[in-house]
Amino acid sequence: MTTKPKVLISDKMDPNAARIFEARGCDVDVITGETPEQLIARIGEYDGLAIRSSTKVTKEVLAAAKNLKVIGRAGIGVDNVDIPAASAQGVVVMNTPFGNSITTAEHAIAMIFALARQIPEANARTQAGEWPKNAFMGVEVTGKTLGLIGAGNIGSIVASRALGVKMKVVAFDPFLTPERAVEMGVEKVELDALLERADFITLHTPLTDQTRNILSRENLLKTKNGVRIVNCARGGLIDEDALKDLLVSGHVAGAALDVFKTEPAKDSPLFGAPNFICTPHLGASTTEAQVNVALQVAEQLADYLVNGGVTNALNMPSLSAEEAPKLKPYMKLAEQLGSMVGQLTRDSVPRISIHTEGAAAELNMKPMVAAVLAGFLRVQSDTVNMVNAPYLAKERGLEVREVKTEREGDYHTLIRVSVKTESGERSVAGTLFNNVEPRLVELFGIKVEAELAGHMMYIVNEDAPGFIGRIGTLLGENGINIGTFNLGRREAGGEAVLLLSVDSAVPETVLKQACALPGVKLVKALAFA
Ligand SMILES: NC(=O)c1ccc[n+]([C@@H]2O[C@H](COP(=O)([O-])OP(=O)(O)OC[C@H]3O[C@@H](n4cnc5c(N)ncnc54)[C@H](O)[C@@H]3O)[C@@H](O)[C@H]2O)c1
Ligand SMILES: O=C(O)CC[C@@H](O)C(=O)O
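Predicted model, so just to flag it, every value in this text is computed and none were measured. (Residues numbered from 1 in each chain as written. Chains lettered and ligands numbered in written order. Predicted model: local features only at pLDDT ≥ 70, side-chain atom pairs only at ≥ 80, totals over all residues. Heavy atoms only, no water.)

**Remarks on the UniProt feature "domain: D-3-phosphoglycerate dehydrogenase ASB" (unreviewed entry) in the protein chain**
Here's step 1: According to UniProt, the positions carrying the feature "domain: D-3-phosphoglycerate dehydrogenase ASB" (unreviewed entry) are residues 326-443.
Here's step 2: Structurally, residues 326-443 is divided into 33% helix and 35% strand, and its ends, taken at the C-alpha atoms, are 25 Å apart. (UniProt positions renumbered as here; feature names shortened; annotations may be inferred. Helix = DSSP H or I, 4+ residues; strand = E, 2+ residues; numbered from the N terminus.)

**What about the nonpolar core?**
Here's step 1: With 77 residues, the main nonpolar core has Phe21, Met340, Ile415, Leu440, Leu443 and Leu499 as its most contacted residues.
Here's step 2: Setting aside chain neighbours within four positions, we find isoleucine 415 in contact with Tyr330, Leu333, Ala334, Leu337, Ile354, His355, Thr356, Ala360, Met368, Val428, Ala429 and Gly430. (Core = buried A, V, L, I, M, F, W, Y, C linked by side-chain atoms within 4.5 Å. Buried < 20%, exposed > 50% of the residue type's maximum accessible area, 1.4 Å probe, protein only. Contact = heavy atoms within 4.5 Å.)

**Remarks on the site of ligand 1**
Here's step 1: Around ligand 1, 26 residues are found, and the nearest of them are Asn153, Ile154, Asp173, Thr205 and Asp258.
Here's step 2: Side-chain polar atom of aspartate 258 to a nitrogen atom of ligand 1: 2.9 Å apart, as the coordinates give it.
Here's step 3: For ligand 1, whose accessible area on its own is 860 Å², the fraction buried by protein is 86%.
Here's step 4: In the shell around ligand 1, the residues fall into 11 nonpolar, 12 polar and three charged. (Near = heavy atom within 4 Å. Polar contact = N/O pair within 3.5 Å; in protein donor to acceptor, adjacent residues only side chain to side chain. Areas by Shrake-Rupley, 256 points an atom, 1.4 Å probe, with all protein chains shown as cover. Nonpolar A, V, L, I, M, F, W, Y, C, P; charged D, E, K, R; others polar.)

**Quick look at the pairing of strand β17 (residues 437-443)**
Here's step 1: Of all seven residues that make up β17, six are buried, and the element is covered over most of its length.
Here's step 2: Pairing between strand β16 (residues 424-433) and β17: six bridges, direction antiparallel. Residue pairing in the sheet places glycine 430 in a bridge with leucine 440 of β17.
Here's step 3: Joining the antiparallel neighbours β16 and β17 is a turn of three residues, in which asparagine 434 adopts a positive phi near 55°. (Pairing = 2+ DSSP bridges.)

**What to know about the packing of aromatic side chains**
Here's step 1: Evaluated as defined, the whole model comprises two aromatic pairs.
Here's step 2: Pairing phenylalanine 260 with phenylalanine 271 gives two aromatic rings, centres 5.9 Å apart and planes at 75°, and the pair type is edge-to-face. Linking phenylalanine 260 in the loop between β11 (252-257) and β12 (276-278) with phenylalanine 271 in the loop between β11 and β12, this pair joins segments that are 11 residues apart in sequence.
Here's step 3: A residue is classified by how much of its surface remains accessible, and phenylalanine 260, at 7% relative accessible area, is buried. (Phe/Tyr/Trp six-rings, centres within 6.5 Å; stacked < 30°, edge-to-face > 60°.)

**Describing the site of ligand 2**
Here's step 1: As a structural note, the neighbourhood of ligand 2 is formed by Arg52, Arg73, Gly75, Ile76, Gly77, Asn100, Arg234, His281 and Ala284.
Here's step 2: For ligand 2, an oxygen atom lies 2.8 Å from a polar atom in the side chain of arginine 52.
Here's step 3: At a separation of 3.2 Å, an oxygen atom of ligand 2 approaches a polar side-chain atom of arginine 73.
Here's step 4: Contact with the protein chains removes 91% of the 300 Å² of surface that ligand 2 exposes when unbound.
Here's step 5: Partitioning the shell around ligand 2 into residue classes produces two nonpolar, four polar and three charged.

**Thoughts on the environment of leucine 176**
Here's step 1: Within the secondary structure layout, leucine 176 lies in the loop between β7 (168-172) and α8 (178-184).
Here's step 2: Residue leucine 176 is classed as buried on the basis of its relative accessible area of 6%.
Here's step 3: Considering only alpha carbons, one finds leucine 176 and glutamate 299, 123 residues apart in sequence, at a separation of 31 Å.
Here's step 4: With near-sequence residues (within four places) excluded, leucine 176 lies in contact with Ala151, Ala171, Ala181, Met184, Val186 and Lys188.

**Structural notes on the pairing of strand β20 (residues 482-489)**
Here's step 1: Note that β20 and strand β21 (residues 495-502) share seven bridges and pair antiparallel. If you follow glycine 488 over to β21, its bridge partner there is valine 497.
Here's step 2: Here β20 folds back onto β21, and the loop between the two strands holds five residues, one of which, glycine 493, carries a positive phi near 80°.

**Re the packing of helix α16 (residues 467-477) against helix α17 (residues 508-515)**
Helices that pack against each other are described as a pair by the angle of their axes relative to one another and the distance between those axes.
Here's step 1: The geometry of α16 relative to α17 is characterised by a closest axis approach of 11 Å and an angle of 160° between their N-to-C directions. By the angle between their axes, α16 is roughly antiparallel relative to α17. Between α16 and α17 lies a crossing whose hand is right-handed. Taken together, the residues of α17 that come into contact with α16 (itself represented by Ile471, Leu474 and Leu475) are Val510, Gln513 and Ala514.
Here's step 2: Partitioned by chemical class, the residues of the contact of α16 with α17 number five nonpolar, one polar and no charged. (Axes fitted to C-alpha atoms, helices over the stretch in contact; angles between N-to-C directions. Parallel < 35°, antiparallel > 145°, perpendicular 65-115°, else oblique. Left-handed = near helix turned anticlockwise from the far one by under 90°.)

In structure tokens, the structure reads:
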């Protein structure tokens with residue numbers, strides 16, 4: 001009986017998420033509000049973890065997560081997950097990049113209006129019985145310039161809504177193409193021009209080394225006198241002390257933050273500053289968005305745990321549930337070929353090339369490349385998998401080349417893995433029989449036809465009569481049963497290779513005796529998953 005994957009939902013999430021996990025064949029526990037220590041004590045039993053922003057998936061949590069395969073963030077930002085540590089441990093990290101975009105864009109628009117008409121303060125004072133009709137003089141947004149910093153999913157929705165209320169939109173985003181800017185109806189500008197021209201500025205970038213403090217004191221001082229600023233993206237994009245000073249001086253006429261450098265923000269320097277309004281990271285908090293992201297994260301995690309489908313992963317190539325069954329045998333073949341080369345190469349390898357030919361070349365290559373690298377690097381570390389292999393390869397300075405040839409060669413489908421070593425380029429190639437059964441068909445230039453499975457022996461010898469009998473006798477005398485026997489040679493009487501599958505691991509002593517047989521040049525034990 002196969003055991004069901006176990007999932008923990010550790011943040012408050014729409015209850016439909018748990019129902020989806022159950023319907024898709026997972027066991028699910030919903031345990032929210034635990035301390036880091038409690039999570040560390042519990043996490044070891046789970047295959048999947050579904051979170052929002054409260055759970056911090058730190059190195060320590062990951063170190064305790066011995067069975068964890070996937071983390072799913074019901075939302076966009078994954079700054080609460082240590083992605084490098086997850087990747088190094090082979091844990092896939094997914095998010096739901098679109099489910100809360102409209103909601104967050106609407107929050108930014110709401111903030112623009114709240115600032116323009118000082119609604120929060122007017123509301124508070126009216127309810128306090130003041131009726132302060134003369135204390136508030138707002139501004140119209142019609143005809144004003146909105147400066148958009150970051151024009152991705154949310155930024156572009158904000159732009160469309162702002163255009164709808166007759167604002168003019170200028171956008172700073174180094175990755176925004178001129179064509180897309182035209183399509184969005186915005187003017188693409190440099191940051192300084194935006195700072196100089198905008199009546200309202202709204203931020204919609206992730207927090208990266210490039211965007212951290214993008215509204216620094218220096219940049220805030222370049223803004224138009226009377227500018228109003230909105231941040232519904234990430235704390236850390238604005239220098240909060242400088243913003244406070246400029247609100248006090250009146251240079252900034254208003255600021256609305258949904259996000260803070262430190263969250264939860266309990267004592268921000270901005271609290272109490274004039275014309276400052278804030279919400280406690282509510283950008284994504286609508287019924288619609290929370291249903292969207294909860295359903296999406298549950299579908300994605302279940303898909304991965306049950307079928308191997310990968311959607312919206314931040315540290316692994318995507319693989320749809322439809323692609324997964326088709327690619328599965330290719331990934332097995334790719335991993336076996338990588339493993340074969342890894343086990344048979346002693347020299348250092350500065351470059352590995354993966355070449356797909358025929359039907360294989362029509363498929364998504366990224367998962368096959370990741371599988372080759374996982375097989376190749378597993379000889380060096382048994383914690384390698386498809387998630388961490390590309391990172392490890394990069395870390396170790398291994399250049400990875402990908403080549404595709406759609407035309408068929410000798411086989412209707414083929415994967416070739418070549419490594420550059422000090423002694424030259426060496427390659428192995430494999431195909432799929434009946435589209436599902438992986439077979440090695442070429443080994444360092446010699447044609448063979450072998451299934452790679454379990455314990456195997458690789459022998460290089462001089463092609464001469466009597467050798468097969470001698471090796472069979474040696475293994476028989478040592479109680480080692482031969483499963484399959486595959487021979488290949490360059491030419492009659494030349495170098496030959498023998499690839500044997502055996503029912504048990506071959507002891508070192510037997511390998512040595514095999515090595516001492518006449519004509520034998522090399523003997524190696526191999527193992528395949
Ligand atoms: N407040 C909330 O509750 C809430 C909800 C959802 C998303 N967010 C945050 O909103 C932000 C935007 O989300 P999104 O879905 O639009 O992301 P996105 O990836 O679709 O868009 C981000 C945009 O920022 C641009 N960018 C990157 N570096 C830049 C730089 N140096 N200068 C200018 N632009 C740069 C990118 O090119 C991209 O177009 C993220 O930080 C996300 O975490 C907050
Ligand atoms: O889950 C939330 O409430 C916040 C989500 C938001 O910050 C995100 O990045 O998606």
